Every structure is written in structure tokens, then in C-alpha cells.
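Fold and contact review
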Amino acid sequence: TQASSTVALGRTLIASQILAANEKGDTKITVKVLGTSSLGAIITVADTKGTVKGYVQNPGVDIKKTATGEVLVGPFVGNGEFLVITDYGTGNPYHSMTPLVSGEIGEDLAIGEDLAFYLTESQQTPSAVGLNVLLDANDKVKVAGGFLLQVLPGAKEEEIARFEKRIQEMPAISTLLESENHIEAL
């Protein structure tokens with residue numbers, strides 16, 4: 001895949017893996033980012049065992065980076081739908097869809113923003129999500145990662161406010177992923 005396609009697919013792979021990691025048993029999660037722009041559809045499948053695979057309809061989208069080095073994704077996803085299919089193995093998968101709100105599929109808090117909107121709207125779970133894929137000088141994946149933070153029932157408003165403030169003040173995920181120990185940094 002080319003740069004923008006790589007980042008979009010990578011962010012969606014991370015999003016589906018985060019969703020699958022929160023499931024039990026032999027559940028499979030399919031995430032479909034059904035955009036209306038040049039990337040086309042992005043489809044990923046992840047399971048609770050840590051297996052993940054994916055596909056981007058147009059792997060040849062290669063738009064150069066911004067002045068800060070970020071690869072553009074949102075304009076090439078466009079409008080569309082964020083669809084999640086949860087298959088518990090019972091023969092009746094559960095489908096849930098929300099509109100794409102950013103198309104960025106994750107950079108920093110923006111599919112992060114689409115995933116967070118899905119979790120808030122579809123699962124009624126207020127969430128903060130950050131996802132990113134960093135490419136090296138040859139546009140190969142250097143490092144990828146993300147986080148999901150959700151409010152649990154019974155959380156106190158002052159605790160929620162404290163975490164919201166910390167998330168707003170945290171460095172960009174790309175900065176954290178580039179650090180020496182990116183897992184510790186996150």
C-alpha cells in the first residue's frame with residue numbers, strides 16, 4: 001500500500017483489535033469504514049486471540065505528508081459510515097453503524113474520533129480513543145499503536161474531568177509512539 005492507504009488501513013486494524021480485545025470467548029469484530037472518497041472501503045477483522053487482518057479497496061493512495069510530517073487520511077476517506085459487526089459465534093452477528101465524523105480513523109483524537117463516536121452513540125459508553133501509524137522515510141510502517149479510555153459506571157464527575165483534562169493536554173500519539181519506550185509513554 002502507499003502512504004495514505006497504509007495509515008488508514010493501519011488505524012482501522014488497530015481500532016478493530018482494540019474492540020476485539022474488549023470481548024470474551026471466540027468473538028470476532030469486523031470494522032468497515034465505508035468512505036465515499038478515493039480510498040474506498042476499508043475492512044478489518046479481529047478476534048479475541050489477537051489475530052487481525054484487513055483490506056483497503058484502493059491501496060494506491062499516496063498523498064504526501066503535511067508540514068508536521070503527518071500523512072493525510074480524512075480527505076481520502078470522505079463521508080460515509082463506520083460499521084461494526086460483532087460475531088459471537090451464535091449465527092446472528094450484531095450490526096451497528098454510525099456516520100463517519102472525521103474520516104481520520106484515529107490520528108490523535110480524531111478513526112480515533114470515529115471509533116469514539118461509535119462507542120458513545122452505539123454502545124452508550126463515553127470513550128476517548130487515540131490511534132496512529134508512523135511511517136519511516138521509505139513509507140514503511142515504523143510503529144503503530146493506540147489507546148482506549150472509557151468511563152466506568154459510578155465514576156465521579158471530578159475523576160472524569162481530571163482524565164479529560166489529561167487527555168486534552170497529552171502530547172500527540174505520534175510523539176508518544178516515537179519515544180524510546182512507547183508503551184510506557186502511552
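Now for a description of the structure that goes with this document.

What counts and what doesn't
Residues numbered from 1 in each chain as written. Predicted model: local features only at pLDDT ≥ 70, side-chain atom pairs only at ≥ 80, totals over all residues. Heavy atoms only, no water. Salt bridge = Lys/Arg side-chain N within 4 Å of Asp/Glu carboxyl O. Helix = DSSP H or I, 4+ residues; strand = E, 2+ residues; numbered from the N terminus. Buried < 20%, exposed > 50% of the residue type's maximum accessible area, 1.4 Å probe, protein only. Pairing = 2+ DSSP bridges. Expected span 1.5 Å × (residues − 1).

A few points about the pattern of salt bridges
Following the criterion strictly, the structure yields 2 salt bridges and no others. In this structure, Lys49 and Asp26 form a salt bridge, with 3.0 Å as the shortest nitrogen-oxygen distance. With Lys49 in the loop between β2 (41-47) and β3 (52-56) and Asp26 in the loop between α1 (3-21) and β1 (28-35), the pair connects residues that are 23 residues apart, well separated along the chain. The two residues Lys49 and Asp26 agree in class, both being exposed.

A look at the pairing of strand β5 (residues 94-99)
Summarising the sheet, strand β4 (residues 80-87) and β5 pair through 6 bridges and their orientation is antiparallel. Across the sheet, the residue bridging to Phe82 is Thr98, located in β5.

Remarks on unusual backbone geometry
The backbone of Gln124 shows a phi angle near 50°, a positive value even though the residue is not glycine. Notably, Asp139 is not glycine yet its phi reads approximately 60°, a positive angle. Tracing the sequence through the fold places Asp139 in the loop between β6 (127-135) and β7 (141-150).

Some points on α1
Taking 1.5 Å as the rise per residue, α1 with 19 residues should run 27 Å; its terminal C-alpha atoms sit 27 Å apart, in good agreement. Among the 19 residues that make up α1, 16 are buried, leaving the element largely enclosed by the rest of the structure.

Note that all results are geometric; they support no functional claim without further evidence.
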